[in-house]
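# Structural description and commentary
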Amino acid sequence: MVSRALLAALLPAAAALSLTEMSPIKAAMLARAWQTDQSELDQKVGRTDGGYIGVMRFGDDLERRTACASALDLWVKTSLALAAAEKGGRAGPRTTCCYAALGGVGPNTLSMVKKAQDEWTLNFLFSNPNERDRDAIAAAEAETLAALAREAGDAPLKLLGSVEKTLVSRPAVGEDGGVVVT
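These figures come from a predicted structure and were not determined experimentally.

### Description of the overall build of the protein chain
A count of helices and strands for the protein chain gives 4 helices and 9 strands. For the protein chain, buried positions account for 40% of its 182 residues. Expressed as a percentage of contacts within the protein chain between residues at least 6 apart in sequence, the contacts between residues at least 24 apart total 63%. Counting every atom, the protein chain has about 9700 Å² of accessible surface; 55% of that belongs to carbon and sulfur.

This is how it looks when you write it as structure tokens:
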């Protein structure tokens, strides 16, 4: 099996993508803004099946976006807890990190990973909720996963179980349980 470092070196680097580590408080503020955008985009005024006029949620991607809304709420809570731990001096070296991927092939993304020497675990990966094109979202997810795999080096990048519900694409997983980036 090809080592992660070699795989990451062979991957074409997206010149425009900037994977930036963010402080937890900044990540929480950005996620809150995305929560507001998402709630506004998922609703419209219309006539319900019963003939009443009201606010309705819509779209063929509704199940995934609903999972994203729940996970985004958890992201904010987790980021704020990390920020409070850092501010209170109770945090050691940062092992749970927030990243923003900006300027890539599609919408901007937010990701949160837990870093360990032997593996990285992807806790969250979201694309900007203003983007509705599933192909663009899938491309942004793939680009972000590739950048995170490069950042992880030899450590496999594994997905937390709940992450797949929020992704448009289904990443391939290798024998070691890590994401295989193509």
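### Digging into helix α4 (residues 134-152)
Taking 1.5 Å per residue as the helical rise, α4 with its 19 residues ought to reach 27 Å, and the 26 Å between its terminal C-alpha atoms agrees with that figure. Regarding α4, the residues found buried are A136, I137, A140, E141, E143, T144, L145, A146, A147, L148, A149 and A152. Among the residues trailing α4, G153 stands out with phi positive, at a value near 70°.

### Quick word on the nonpolar core
One finds Y99, V113, W120, L122, L145, L148 and L157 to be the most contacted residues of the largest nonpolar core, which totals 18 residues. Listed by contribution, the elements that provide at least two residues to this core are β4 (96-102), β6 (120-127), α4 and β7 (157-159). For this core, the leading source of residues is α4, giving 5 residues.

### Points about the state of the cysteines
Enumeration according to the criterion identifies 0 disulfides in this entry. With no disulfide of its own, C97 lies 7.4 Å from the sulfur of C98, the closest cysteine sulfur.

Thresholds, definitions, all that
Residues numbered from 1 in each chain as written. Predicted model: local features only at pLDDT ≥ 70, side-chain atom pairs only at ≥ 80, totals over all residues. Heavy atoms only, no water. Helix = DSSP H or I, 4+ residues; strand = E, 2+ residues; numbered from the N terminus. Buried < 20%, exposed > 50% of the residue type's maximum accessible area, 1.4 Å probe, protein only. Contact = heavy atoms within 4.5 Å. Areas by Shrake-Rupley, 256 points an atom, 1.4 Å probe, with all protein chains shown as cover. Expected span 1.5 Å × (residues − 1). Core = buried A, V, L, I, M, F, W, Y, C linked by side-chain atoms within 4.5 Å. Disulfide = S-S within 2.5 Å.

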